[in-house]
Amino acid sequence: MRVPLKISLAATTLLLAHSLPIFPTFPLLSAAAHASDSPEAVRKTSPKELADRLLQQGIQQSNQQQFETALRSLQKALTLYQELGDRQGQWRTLNLLSGTYKKVGDFNRAIEIDQQTLALVEPYGDSQEKAIVLTSLGFTYLQLANPTKAMAYAEQGLTVARAVQADALAALNLSTLSTVYSGLQNHAKAINYLQQELELARSQNNLPKVTKILISLGSTYNQLDDYLKAIEFYEQGLKISQERQDPLLEAEILQGLAGVHSNLGQEGKTIELYQKSAEIVRKIQPPPPIERSSSRMDCLPLQRIEAQSFMGLAQFYIDGLADYNQGIAQYEQVLALATQHQNLCY
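Residues numbered from 1 in each chain as written. Predicted model: local features only at pLDDT ≥ 70, side-chain atom pairs only at ≥ 80, totals over all residues. Heavy atoms only, no water.

**Some points on the environment of A70**
Examined against the element boundaries, A70 turns out to sit in helix α5 (residues 67-84). Classification of A70 by relative accessible area gives buried; the value is 0%. Distance from A70 to L55, taken between C-alpha atoms, is 8.8 Å for residues 15 residues apart in sequence. Beyond its immediate sequence surroundings of up to four residues, A70 is in contact with G58, Q61 and S62. (Helix = DSSP H or I, 4+ residues; strand = E, 2+ residues; numbered from the N terminus. Buried < 20%, exposed > 50% of the residue type's maximum accessible area, 1.4 Å probe, protein only. Contact = heavy atoms within 4.5 Å.)

**Details of the packing of aromatic side chains**
Aromatic ring pairs are described here by two measures, namely the spacing of the ring centres and the angle between the planes. By the definition in use, this model includes three aromatic pairs. Relative to Y153, the ring of Y141 has its centre 5.7 Å away and its plane inclined at 5°; by these criteria the two rings are stacked. Of this pair, Y141 sits in helix α8 (residues 128-143) while Y153 sits in helix α9 (residues 147-163); the two residues are twelve residues apart in sequence, bridging distant segments of the chain. Of the two residues examined, Y141 and Y153, each falls in the buried class. (Phe/Tyr/Trp six-rings, centres within 6.5 Å; stacked < 30°, edge-to-face > 60°.)

**What about the packing of helix α7 (residues 107-121) against α8?**
For the pair α7 and α8, interaxial distance at closest approach is 9 Å and the crossing angle is 160°. Between α7 and α8, the interaxial angle falls into the category roughly antiparallel. Between α7 and α8 the crossing geometry is left-handed. Counted together, F107, I111, D114, Q115, T117, L118 and V121 of α7 and E129, K130, V133, L134, S136, L137, T140, Y141 and Q143 of α8 form the full contact between these two elements. Tallied by class, residues from the contact of α7 with α8 come to eight nonpolar, five polar and three charged. (Axes fitted to C-alpha atoms, helices over the stretch in contact; angles between N-to-C directions. Parallel < 35°, antiparallel > 145°, perpendicular 65-115°, else oblique. Left-handed = near helix turned anticlockwise from the far one by under 90°. Nonpolar A, V, L, I, M, F, W, Y, C, P; charged D, E, K, R; others polar.)

**A look at helix α10 (residues 167-183)**
Given 3.6 residues to a turn, an α-helix orients residues that are three or four positions apart in the same direction. Compared with the 24 Å implied by 1.5 Å per residue over 17 residues, the 24 Å span of α10 between its first and last C-alpha is a close match. Q185 lies just past α10 and shows a positive phi near 65°. (Expected span 1.5 Å × (residues − 1).)

**Overview of unusual backbone geometry**
In this structure, N205 is a non-glycine residue whose phi angle is positive, near 55°. Summarising the element assignment, N205 is placed in the loop between α11 (187-203) and α12 (207-223). By relative accessible area, N205 is classed as exposed at 57%. Residue Q245 is not a glycine yet carries a positive backbone phi of 55°. Counting through the fold element by element, Q245 comes out in the loop between α13 (227-243) and α14 (247-263).

**Section: the side chain of D114**
Among the secondary structure elements, D114 is positioned in helix α7. Among buried charged residues, D114 stands out as having no salt bridge; its nearest opposite-charge side chain is K102, 4.0 Å away. If near-sequence neighbours (up to four positions away) are discounted, D114 is found in contact with S98, K102, V133, S136, L137 and T140. (Lys, Arg positive; Asp, Glu negative; His and termini not counted. Salt bridge = Lys/Arg side-chain N within 4 Å of Asp/Glu carboxyl O.)

**Quick notes on the pattern of salt bridges**
Under the definition given, this model contains five salt bridges. Taking the shortest distance from any N to any O, the salt bridge between K48 and D52 comes out at 2.8 Å. With a gap of four residues between them, K48 and D52 both fall in helix α4 (residues 47-63), about one helical turn apart. On the accessibility criterion, D52 (19% relative accessible area) is buried. Residue E197 pairs with K209 through a salt bridge whose shortest N-O separation is 3.0 Å. With E197 in helix α11 and K209 in helix α12, this pair connects stretches of sequence that are twelve residues apart. Looking at E197, the relative accessible area reads 3%, which means it is buried. Here K209 falls in the partly exposed class, since its relative accessible area comes to 29%.

**Overview of the nonpolar core**
Counting residues in each nonpolar core, the largest one holds 46 residues, and the members touching the most others are L97, L169 and L177. Sorting the residues of this core by element identifies α4, α5, α6 (87-103), α7, α8, α9, α10 and α11 as the ones contributing at least two each. Ranked by the residues each element gives to this core, the list is headed by α10, at eight residues. When neighbours within four sequence positions are excluded, L177 is seen to be in contact with M151, A154, E155, L158 and Y193. (Core = buried A, V, L, I, M, F, W, Y, C linked by side-chain atoms within 4.5 Å.)

**Looking at the confidence of the model for the chain**
A residue-level look at the chain finds 70% of positions with pLDDT of 70 or above and a mean pLDDT of 79. Below pLDDT 50 for its whole length, residues 1-36 participates in 74 contacts with residues either more than four positions away or in separate chains. Considering only residues more than four positions removed or in separate chains, one finds that residues 341-346, a stretch of pLDDT under 50, has 19 contacts. (pLDDT = per-residue confidence, 0-100.)

Structure representation (structure tokens):
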């Protein structure tokens, strides 16, 4: 009887939400072990120990943004695990390889790795491991703008996740499906999956996730011209964000509400909400930027949201009120932000 692979679901589902690899836990190597990389020392190391060491090195190199070096270490570890018939080692290494390829933007190679992982776990039937790799495939095809395959894998991942009661994975697949159908302008199906995702997030008391789903529902109903429903969902999200003292989400929701009131032709309310959103962002103390190995700074969500408020006002003044002077003034605010901050995440 085959024994299914064992791995922490909490660790793996966090990977899929951020397109990061799974980082299995290994004891850190001692300084002496790192110093013993001479050919003689390697000959005394068993293949399993060497594979584990390479895997640990790959994890550390990936965490240090040394992706090419990490990929080489992980590929060597995978070869050893395959020669040893170590399924657990193969599973861990394949997941790390997939995540690392995603980090460098090579989604096609990540898919090839995921397909190897799927072949490894499929003989065991429905399992958390199978749900994880199907979820990863759905998410990756979403990044490649391949809605057909994204839907196919996400639907399979959702079925398996529900069968093994992996709620976190089910939520990720529901998110992929709602995003795909929203992109295809199939709003009815997008709303259906968003409602399922909302129910799951509420059952887990995941308020940040609940708020984001409410924003998506508000936006979708706004696109359907169902403005009362849009306002209802936005206001639910606004209440939660205020109770949680999350000004960034509050500002984003106020922008969404401003867009709805703009569609309703409510001039005063629209301007008030856009201005309030920008004011909230200005009061937030931004965290220090993080320098990445690619020599670019992290994008700036605070300034992005502030710029979006000015852009919303500009479009409202020009399209809604034909007030071109005010519209140009708002666009100048956007230009000033873009000049001051190079990474507005557009």
